[in-house]
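# Survey of secondary and tertiary structure
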Amino acid sequence: MAALLPAEWIKNWEKGGKSEFVQLCRALSENKNHDVGFRDIQQALYELAYHVVRGNLKHDQASNVLGDVIEFREDMPSILADVFCILDIETSCLEEKNKRDHFTQLVLACLYLVSDTVLKERLDPETLESLGLIKQSQQFNQKSVKIKTKLFYKQQKFNLLREENEGYAKLIAELGQDLSGNITSDLILENIKSLIGCFNLDPNRVLDIILEVYECRPEYDDFFVPLIESYMYMCEPQTLCHILGFKFKFYQDPSGETPSSLYRVAAVLLQHNLIDLEDLYVHLLPGDNAIIEEHKREIVEAKQIVRKLTMVVLSSEKTEEKEKEKEKEEEKTEKPPDNQKLGLLEALLKIGDWHHAQSIMDQMPPFYSTSHKAIAIALCQLVHVTIEPLYRRVGVPKGAKGSPISSLPNKRAPKQAESFEELRKEVFNMLCYLGPHLSHDPILFAKVVRLGKAFMKEVGTVKKFVSDKVVKFQSDGSKQEDKEKMETLFSCLLSITDQVLLPSLSLMDCNACMSEELWGMFKTFPYQYRYRLYGQWKNETYNSHPLLVKVKAQTIDRAKYIMKRLTKENVKPSGRQIGKLSHSNPTILFDYILSQIQKYDNLITPVVDSLKYLTSLNYDVLAYCIIEALANPEKERMKHDDTTISSWLQSLASFCGAVFRKYPIELAGLLQYVANQLKAGKSFDLLILKEVVQKMAGIEITEEMTMEQLEAMTGGEQLKAEGGYFGQIRNTKKSSQRLKDALLDHDLALPLCLLMAQQRNGVVFQEGGEKHLKLVGKLYDQCHDTLVQFGGFLASNLSTEDYIKRVPSIDVLCNEFHTPHDAAFFLSRPMYAHHISSKYDELKKAEKGNKQQHKVHKYITSCELVMAPVHEAVISLHLPKVWDDISPQFYATFWSLTMYDLAVPHSSYDREVNKLKVQMKAIDDNQEMPPNKKKKEKERCTALQDKLLEEEKKQLEHVQRVLQRLKLEKDNWLLAKSTKNETITKFLQLCIFPRCIFSAIDAVYCAHFVELVHQQKTPNFSTLLCYDRVFSDIIYTVASCTENEASRYGRFLCCMLETVTRWHSDRVIYEKECGNYPGFLTILRATGFDGGNKADQLDYENFRHVVHKWHYKLTKASVHCLETGEYTHIRNILIVLTKILPWYPKVLNLGQALERRVHKICQEEKEKRPDLYALAMGYSGQLKSRKPFMIPENEFHHKDPPARNAVPATVQNGPGGAGMPTSLTINTVRLEEGTTEETADKLKEKSQGVVKVINKTVNATPKVTTSNGNSASNSKIIKEKDDKEKSGKEKDKEKKDKTPAATPEMKALGKDGKDKPKEERANKDEKAREIKEKTPKSDKEKEKVKKEEKASKEEKSKTVVTIIESKSTAEKEREKEPSRERDLAKEMKSKENAKGGEKVPVAGSLKSPVPRSETSESEREQKRRKVDTHSSPSHSSTVKDNLNELKESSAKHYINHTTPTLSKSKEREVEKKDLDKSRERSREREKKDDKDRKDRKRDHSNNDREVPQDSTKRRKEENGTTGSSKHSKSESPSDSPRLNEKEKEKNKSKSSGKEKGDSIKAEKMEKSSSGSKKESRHDKEKTEKKEKRDSTGGKEEKKHHKSSDKHR
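What counts and what doesn't
Residues numbered from 1 in each chain as written. Predicted model: local features only at pLDDT ≥ 70, side-chain atom pairs only at ≥ 80, totals over all residues. Heavy atoms only, no water. Helix = DSSP H or I, 4+ residues; strand = E, 2+ residues; numbered from the N terminus. Contact = heavy atoms within 4.5 Å. Areas by Shrake-Rupley, 256 points an atom, 1.4 Å probe, with all protein chains shown as cover. Axes fitted to C-alpha atoms, helices over the stretch in contact; angles between N-to-C directions. Parallel < 35°, antiparallel > 145°, perpendicular 65-115°, else oblique. Left-handed = near helix turned anticlockwise from the far one by under 90°. Expected span 1.5 Å × (residues − 1). Buried < 20%, exposed > 50% of the residue type's maximum accessible area, 1.4 Å probe, protein only. pLDDT = per-residue confidence, 0-100. Patch = residues over 30% accessible without salt bridge, like charges linked within 9 Å, V, L, I, M, F, W, Y side chains within 5 Å. Salt bridge = Lys/Arg side-chain N within 4 Å of Asp/Glu carboxyl O. Lys, Arg positive; Asp, Glu negative; His and termini not counted. Charge placed at Lys NZ, Arg CZ, Asp CG, Glu CD. Polar contact = N/O pair within 3.5 Å; in protein donor to acceptor, adjacent residues only side chain to side chain. Phe/Tyr/Trp six-rings, centres within 6.5 Å; stacked < 30°, edge-to-face > 60°. Nonpolar A, V, L, I, M, F, W, Y, C, P; charged D, E, K, R; others polar. Core = buried A, V, L, I, M, F, W, Y, C linked by side-chain atoms within 4.5 Å.

## Structural notes on the overall build of the protein
Helix and strand content of the protein: 71 helices and zero strands. Counting only contacts in the protein whose residues sit at least 6 apart along the sequence, the fraction spanning at least 24 positions is 81%. Of the roughly 70900 Å² that the protein leaves accessible, carbon and sulfur atoms contribute 52%.

## Focus on the packing of helix α19 (residues 340–351) against helix α20 (residues 354–362)
One can describe the packing of α19 onto α20 by two numbers: an axis separation of 8 Å at closest approach and a directional angle of 155°. Regarding the angle of α19 to α20, the classification is roughly antiparallel. As α19 packs across α20, the resulting crossing turns out to be left-handed. Listed contacts from α20 to Lys341, Leu344, Leu345, Leu348 and Leu349 of α19 are Trp354, His356, Ala357, Ile360 and Met361.

## Topic: the side chain of Glu215
When you line up the elements, Glu215 lands in helix α12 (residues 203–216). In this structure Glu215 touches Lys247, Pro259, Ser261, Leu262 and Val265, once residues within four positions along its chain are discounted.

## Focus: helix α29 (residues 586–599)
In an α-helix, one turn spans 3.6 residues; hence positions three or four apart end up facing the same way. For α29, with 14 residues, the first-to-last C-alpha span of 20 Å sits near the 20 Å given by 1.5 Å per residue. Of the residues making up α29, those classed as buried are Pro586, Thr587, Ile588, Leu589, Phe590, Tyr592, Ile593, Leu594, Gln596, Ile597 and Gln598.

## What to know about the confidence of the model for the protein
Averaged over all residues, the pLDDT of the protein is 74; the fraction at 70 or higher stands at 69%. In the predicted structure, residues 1086–1092 sits below a pLDDT of 50 and forms 13 contacts with residues beyond four places in sequence or in another chain. This model gives residues 1351–1466 a pLDDT under 50, and the stretch forms 399 contacts once residues within four places in sequence are excluded.

## Quick word on unusual backbone geometry
In the segment running from Leu285 into Pro286, the intervening peptide bond is cis, with an omega of -5°. Cis geometry marks the peptide bond from Tyr1144 to Pro1145; its omega dihedral reads -5°. Inspection of the secondary structure puts Pro1145 in the loop between α55 (1127–1139) and α56 (1148–1168). Unlike most non-glycine residues, Asn273 shows phi in positive territory, near 60°. Locating Asn273 in the fold gives a position in the loop between α15 (260–271) and α16 (277–281).

## Quick word on a positive patch on the surface
There is a patch of like positive charges on the surface, built from Arg558, Lys564, Arg565 and Lys580. Here the element with the most residues in the positive patch is helix α27 (residues 546–565); it accounts for three residues.

## Some details on the environment of Asp88
Here Asp88 lies in helix α5 (residues 76–93). Ignoring any residue separated from it by four or fewer positions in sequence, one finds Asp88 in contact with Arg100, Phe103, Leu123, Asp124 and Thr127. There is a polar contact of 3.1 Å between the side chain of Asp88 and the side chain of Arg100.

## As for helix α37 (residues 733–745)
Spanning 13 residues, α37 covers 18 Å between terminal C-alpha atoms, matching the ideal 18 Å at 1.5 Å per step. Turning to α37, its buried residues are Ser735, Ser736, Leu739, Lys740, Ala742, Leu743 and Leu744. Downstream of α37 by a residue or two, Asp747 has a phi angle that is positive, lying close to 50°.

## Notes on the packing of aromatic side chains
Under the defined criterion, the tally for this structure stands at 49 aromatic pairs. Plain terms: the ring middles of Tyr46 and Tyr50 are 5.9 Å apart, the flat faces sit at 15° to each other, and that makes the pair stacked. Of this pair, Tyr46 and Tyr50 both sit in helix α3 (residues 34–54), four residues apart, which is roughly one turn of that helix. Taken together, a centroid distance of 5.2 Å and an interplanar angle of 90° make the contact between Phe490 and Tyr529 edge-to-face.

## Considering a nonpolar patch on the surface
Together, Ile147, Leu151, Phe152 and Tyr153 make up a nonpolar patch on the protein surface, roughly 540 Å² of accessible area in all. Tracing the chain through its elements places Leu151 in helix α9 (residues 137–152). The class of Leu151 is exposed, set by a relative accessible area of 60%.

## Quick word on the pattern of salt bridges
Taken as a whole, this structure holds 47 salt bridges when the rule is applied. The shortest N-O distance in the salt bridge between Lys1187 and Glu1155 comes to 3.1 Å. Of the two residues, Lys1187 is situated in the loop between α57 (1170–1186) and α58 (1193–1196) and Glu1155 in helix α56; the sequence distance between them amounts to 32 residues. Take Glu1155: its relative accessible area is 15%, and that puts it in the buried class.

## Remarks on the packing of helix α11 (residues 185–198) against helix α13 (residues 221–231)
A packed helix pair is summarised by two numbers, namely the angle formed by the two axes and the spacing between the axes. The N-to-C vectors of α11 and α13 enclose an angle of 50°; their axes lie 9 Å apart at closest approach. In terms of their interaxial angle, α11 and α13 are classed as oblique. You can see that α11 and α13 cross each other, and the crossing is right-handed. Between α11, through Ser185, Asp186, Ile188, Leu189, Ile192 and Ile196, and α13, the contact on the second element is made entirely by Phe223, Pro226, Leu227, Ser230 and Tyr231. The residue inventory of the contact of α11 with α13, partitioned by class, reads eight nonpolar, two polar and one charged.

## Here's the deal with the nonpolar core
With 319 residues, the main nonpolar core has Leu344, Phe655, Leu752 and Phe1052 as its most contacted residues. Leu752 has contacts with Leu671, Val674, Ala675, Leu678, Leu689, Leu743 and Phe790, leaving out every residue within four places of it along the chain. With 41 residues, the next largest nonpolar core counts Phe21, Ile41, Leu106 and Leu113 among its residues.

## Thoughts on the environment of Leu963
Within the secondary structure, Leu963 is located in helix α47 (residues 931–969). In sequence terms Leu963 and Ala903 are 60 residues apart; their C-alpha atoms lie 9.3 Å from each other. Look past the residues within four positions of Leu963 in its chain and what remains in contact with it is Leu1012 and Gln1016.

## Comments concerning a negative patch on the surface
A grouping of Glu481, Asp482, Glu484 and Glu487 is seen on the molecular surface, where their side chains present a negatively charged patch. Note on placement: Asp482 falls in helix α24 (residues 478–507).

## Here we look at the environment of Leu507
As for its placement among the helices and strands, Leu507 is situated in helix α24. Measuring from C-alpha to C-alpha, the distance between Leu507 and His440 comes to 8.6 Å, with 67 residues separating the pair along the chain. Once residues within four sequence positions are removed from consideration, Leu507 is found in contact with Pro436, His437, Ser439, Leu547, Leu548 and Val551.

Okay, here's the thing in structure tokens:
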């Protein structure tokens, strides 16, 4: 800063410097800017004085000029004193003494300008002493300290504010007087003002006293609030808030406790808006941050407690006690300091200031405030008051009085709710702030729930009202608005339930009444809403609040404790504990219980029993928890091996069934869950449905039913219940009614059925892709079984109306819903039965005619009425071609009937009645039983007995009516517009096979139905063909079954075998039941010919041969399946074999062959596939136990030819059993001990190439002709031949064009026609030759024959199969009528020559036999060539089968031969030679034979088993000429085309390599076919056999060769 005094002024002070200085000071003094002037003057004076101190100016000069300047400003002396003060400090620090002296001189010179006092105030005591202003500086210092103390620190004994105490006394008297009179706040205010003025009172202190008095007199709100309001007009607005804040601060010591009166006053002032909450809030403790920290700490503590509880601590009780003590100490030490914010909040709630209370709550963490009990209770009280009028109007239950709650006196409190809409505005909001802490007030809880219930009632009526009137109110939208309001309210109610009611229930201490109260409201919600609420409660609510977190942990801990100790013995006490725990926290408890059940299935029974103390709400929650557990996405539904369903799912399903049956739990959710899973293509959860239906309705599904049970299942409902099921499931009436209601109310009955029916195939084609075959089978079975079970439940529980209303017609089911036909009929069947019975009852009532005939007529009428539309509907299910063979009526009849309609299980009824009689006797004998109980039990038994007898009678009448109906219908059943063979194919394909694997009862039904159709003598039905198809080749059918289907198929075969065995067992039975029945005609004529000529009937002995052949076929198929190594083949065939064990195997050698194979399986599968090993071992054991009942083959059927002309038909199997042709030739192969091993090995070789195709539906394989040979030459033959031959040729050609697959057979027949005369000659020839063979042949003869044979072989180059025409026919007939036989033979020969053919009735693709003689030579040649070159699988296997059957047939007097022939000229030459020789032989032999036969018959009757050596030898000699290249077994029909080709080649060239095996087989054939006594068990040398075979083979081959085509 520049100096104000230039040095020139000082130098020229006297001349002009002085005057310049004075002018400067004047100018500075007059400066308007006060502050700037003051600083500049100070500086000017300071510079002047400084020049004096430095000695540049004399002190007297300075004092003079200062005297001039001092007048310019009033404060100039003070400024000068300040300058002296600064210089004093500066100079006292300087070392130069002279400068200090100059300073003192200047001050002394200026003493007249500045007063002593100012200088004393500003200068140091030492300076003052040196100036002489004071005597001693020390004394001066002491004196100043004393004065300061007196001034500032000593209190005066009088009122500082000069207020008088009397004024305050009067003020308190004024405020404390009785205010009940006419005293108003205005009057008092005037008095207060006077007092303040008079006694000089502090207005703030007056206000403080007013508040104090108000605190003490809270009831005078109306007086004090206006008073304070008026008083505040005189004060600043903030004053009141500051005073209150000061009061609150006073109590903020750690030990201080704010009085509630202060809170109340603050609350009232807030409510009247005399203060702002924001202003007061800052004065309150603790701060918001502290509150948030505390809340977080609580959450952490809660989690730690949970951790402690979930940790597994293996400690003694002492440590537990210590921990508890520690926790108590912690609670003591952590007594929270006084929370003024919560105190104020409580006061606000108590006076009803909801608006401010809400503001405070919003500033805290959620539910922090209400977690303090006092606040929760205050808020509850406020809600009580608010809902009072509405609750009194709609919520109070009938008969309840309740204590009314008075409203708050406060007009500013929330308005009381009169309607549900008002309830939504305030109350729901309050409840949301309460949250889980509504638990503090159970009464309010109940009130809220009752209001909810009342609202739901109202909603129900409004919804109904709106839906009814919605059309009328289209213009007036008020009703629609109401509906929208209701929906809003409803969603609010759901939110309240979710956020308040359920969490509060969790915190209540096991209050069962609350739980029931809540259920009253919940049951009005649809289950979807309920389950949503339970889901939130279980998975989210418990994590939202520290208290709930603790509760959850404690519940789990307690649940663990109970579950560890739960056993069957302590079910009651444990059940009570579970009940107690479940009232509050059902979701957590059940979740834990279910997790335990999934691990330990032995807990199911005790848990189910222990759940009896639950409330209705808890049962509903349990249902939800079960569904949630089932739907758990983290759980695998399959075991690790991927072949079985997980055990947790099985346990849950079992638990479901038990718990839903025992307790009244709503099923809708569970059923809908299963339906949704099915919709999504998942069938695992059907297990649940299966268990629920089984337990609730008592309908079991089991494949392991005994035959007794199955029989009982064919009776009425009572018999089923008594004898049909494993467990006597009683008292299912209520539970099955509940299940039915759930299904009908939610329209789930039909959808579930349809979904299951569709899902069956879905399992295979959609789900099955990646799954293990075994699992796919299991799921398929489960799906199918559940469908059967569920359908059974609906059938027995739904009324006719319900059923008919819900189940659509059969064509809709199949065509629109794509239900498989078997399932569709299964669902419709009860409907037809219901419908027919109701129509029948109507007709009975209409006419009172009581005669049996009338009744039957009415029944048939009602059947026609009901079934006519069905007959129409089924036509759309199949192609029109199908209805050419079977009528829609037959199809519908088959599918609509059940076992109940066909037969009465008398033995079952008797069995159950006897059981009851035994029971009654036991009751009588029981001395301990009290008499009244005895009486009750006896009454029960008697009632049951009467019911059963009544039911039996009813069923008997019904069955008779049904049989009458069938008798009338049967003529229209089988139309057979193509052939009987085709008819049987359709019947098996569309009826028998699909139904026999549907259920065990259906399997029995199918077998029974076949028998019934036979017994009814149904036209065009060939029983023989049907049975043959069923038994001939079961490989494909078995291979394509699931496990349970195999079991049912086994049952079906078992029943079929039972019938066959019954007929086989006794000639009398056979003659009675089959003898004259059209089903056993061996000649299958075209439709329209119903001749029952005895000669066409299969006689008893031949039937026994046929049965043996069937047994043999079954063995072959079984062995094949066992040797494939395929899991499914082996498992299924073992199941089937186990089922048919009572009737198969009956023949010892077949049994042994099976036993060996099964033993082999046991060894191979022991380590690899234990389930197969178990099955095989089980079967093996049972098979061994059956061994004593098996008989040798010669006892099973007579080996010697039957004494009958009629020869059984050789029926070539069309597409039936499994789509491959097999023959119904009569198989007399004897599997000998010595050769079974070899034959089995052969079989094995053949089966290597088997085509492993699983094909459930029956393939449309070539329809193979049926050739029926007959050597009988009586008048009937010729007559019939005449009839047929006219049209045969044209039909033959027609067929050939139509069905190429059938051509081989046509051709074969064509050839046969030509070759017939030769065959007949061959017949004679053979007889002659046989006689010759009786005498031992010379070596020369043998050689000669060999040469001839070789020559013929070379010429042929095609297979030659020779079949001996055994002597047996001639012998047997001669035995009866020796002379007649010879005449007949001659007659036959002449007729044959004349006619040139033999009758061949045909089934399969031909409608009439083909005439032989009319076929031209060239045509025959062509056909023969085609036959030879044709190699379709069906054909080649036919060839194979026929080759075998030819061998067999020789034993049974067959003249059916099937082989490509030689060129004609050569054949004729050879034939002539043979004829001559054979005639001679036959004459010689005939004589011996008569004698032999008599002996043989006698021997046979005496001892079947003795085999005289000579007859054996002779038999071998007689049959030694059988053609080579035969097989003892017919080929497996599943052999591949490649194999078939090989077989042909074998037949074409007689390879020496095969001779070894062939000779053994041939020998077997010879033994079985000869008519001598039973054979010996040892074989001849191979060479010997060969010689015998060769010796006459050449001759015979040529003859038989021609006609062998016939077999094709």
